[in-house]
Amino acid sequence: MIRPRERLLVIKLADLGDAITATPALHALHAAYPSVRLDVLTSAVGASVMADLPEVDRVLVADRHLLDSPRSALRPSAWRRTLALIGDLRRHRYDTVIFMHHLTTAMGALKWRILASALRPAHTVGLDNGRGRFFGTRVPDLGFAALHEVEYALRLAEAVGAPPASPCLRVSLTPKAEEGARSLLGTLQRQRFAVVHPGSGSYSLARRWAPERFAAVADELVRRYALPVVVVGSAHDGVDEFVSAAHERHHNLAGRTDVPTLAAVLRSAAFFLGGDSGVVHLAAAAGTPLLSLFGPTDPRAWGPWRPPACGSAPAAVLQGHCPYDGPCLYRGHNLGQRDGCPGRDCLRDLTVPMVLERIRALALL
């Protein structure tokens with residue numbers, strides 16, 4: 001078994017949820033090799049998760065879409081940025097590099113192959129679905145949903161002799177973030193409130209439950225249970241549609257929180273309701289009771305992760321019925337149907353009464 005000697009690099013050019021699901025593996029690596037320098041190459045949003053983790057020595061940031069397509073590879077500017085990144089990484093002389101990515105496309109596999117060859121570490125480790133023969137140590141990729149994404153990352157850590165030290169997701173709640181949350185919440189922090197996130201990230205709108213249905217649930221929480229609702233998200237998360245459809249006045253923090261501050265808001269909430277997005281993983285990491293609504297994505301791969309060792313607060317999934325042979329996004333070793341099936345029945349079949357009943361059944365009210 002290979003073992004990092006002095007400098008270890010983990011590559012996870014990730015969205016918010018992907019970055020959070022990597023944190024148990026980062027903890028395992030640090031626990032196994034506390035004297036080894038552990039750096040992470042990630043995206044800007046990934047850095048917002050990892051920069052304050054005590055396990056990580058340095059976070060480097062790159063464009064996660066660099067050389068992702070043939071069109072990108074034809075741009076001189078893309079190669080200039082790639083060569084600059086390689087030059088920066090080579091200066092650190094990493095002896096071990098772990099690639100925490102599925103090789104779902106030929107172009108993506110080529111990108112990682114170029115990087116592995118250019119960095120010339122003593123050891124490279126990655127997932128192999130048939131495209132990863134260039135890795136020195138290959139961890140079998142059994143396909144999406146054969147394991148949760150947290151478990152895949154932990155297997156990569158185990159490949160370099162780092163057994164799981166704790167399976168729990170991690171997010172650093174800094175004093176600055178907690179103060180920011182207190183300022184935004186005002187008097188709400190002294191009472192019970194729910195947080196609703198109507199978005200699904202920018203990758204696939206097919207994962208998004210209708211914002212007007214989220215608004216209807218939020219209205220019922222106010223009317224029936226006198227429970228204030230805080231809505232969070234970005235400009236691309238359907239918050240404007242949510243606000244337009246709502247009949248009650250809800251507390252709108254959309255666009256007003258960075259990731260650490262949002263984590264602190266979530267930590268204070270009675271529960272969280274959201275779709276298949278990075279924010280649900282942030283809520284899971286914060287320890288917030290939650291219900292997540294899934295459609296075309298398999299929660300066995302991407303569902304909120306909170307095993308019993310990480311707390312008893314519910315982290316539940318409600319998934320609409322798929323009339324075909326399972327979820328259509330991220331299937332096997334492929335991306336599947338990014339836009340979902342034509343009818344998108346799996347999410348349309350989730351009704352407002354069904355969601356409210358599940359919230360009651362989870363004793364979140």
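Criteria and cut-off values
- Residues numbered from 1 in each chain as written.
- Predicted model: local features only at pLDDT ≥ 70, side-chain atom pairs only at ≥ 80, totals over all residues.
- Heavy atoms only, no water.
- Pairing = 2+ DSSP bridges.
- Helix = DSSP H or I, 4+ residues; strand = E, 2+ residues; numbered from the N terminus.
- Axes fitted to C-alpha atoms, helices over the stretch in contact; angles between N-to-C directions.
- Contact = heavy atoms within 4.5 Å.
- Salt bridge = Lys/Arg side-chain N within 4 Å of Asp/Glu carboxyl O.
- Buried < 20%, exposed > 50% of the residue type's maximum accessible area, 1.4 Å probe, protein only.
- Core = buried A, V, L, I, M, F, W, Y, C linked by side-chain atoms within 4.5 Å.

Some points on the sheet that holds strand E3 (residues 58-61)
- Read from one edge of the open sheet, six strands run E3-E2-E1-E4-E5-E6, paired in parallel fashion. Among the strands making up the open sheet, the edge pair consists of E3 and strand E6 (137-140). Neighbour-to-neighbour, the strand axes of this sheet turn through a mean angle of 20 degrees, independent of strand direction.
- When strand E1 (residues 7-12) meets strand E2 (residues 37-42), the two strands line up parallel, connected through six bridges. Counted as the bridge partner of Lys12 is Thr42 from E2.
- Here helix H2 (residues 23-32) sits on the sheet and contacts E1, E2 and strand E4 (96-99); the angle it forms with E2, its principal contact strand, is near 160 degrees.

Here's the deal with the pattern of salt bridges
- What the rule picks out here adds up to 15 salt bridges.
- We note a salt bridge from Glu220 to Arg223, for which the minimum N-O separation is 3.3 Å. You can see Glu220 and its partner Arg223 sitting in helix H9 (residues 211-225), three residues apart, about one turn around the helix.
- Given the relative accessible area of 16%, Glu220 is considered buried.
- Assessed through its relative accessible area of 46%, Arg223 is described here as partly exposed.
- Here Arg223 makes a salt bridge to Glu248, at a shortest N to O gap of 3.0 Å. Taken together, the residues Arg223 in helix H9 and Glu248 in the loop between helix H10 (239-245) and strand E9 (251-252) connect sequence positions 25 residues apart.
- Under the relative-accessibility criterion, Glu248 is labelled partly exposed at 28%.
- Counted as one network, the salt bridges with shared partners bring together Glu220, Arg223, Arg224 and Glu248.

Notes on the nonpolar core
- Counting 63 residues, the largest nonpolar core has Leu29, Ile98, Val195 and Leu266 as its most contacted members.
- Apart from residues lying up to four places away in sequence, Ile98 is in contact with Leu8, Leu9, Val10, Ile11, Leu29, Val125, Leu156 and Val160.
- Val217, Phe271, Leu273 and Leu350 belong to the second-largest nonpolar core, a separate cluster that totals 30 residues.

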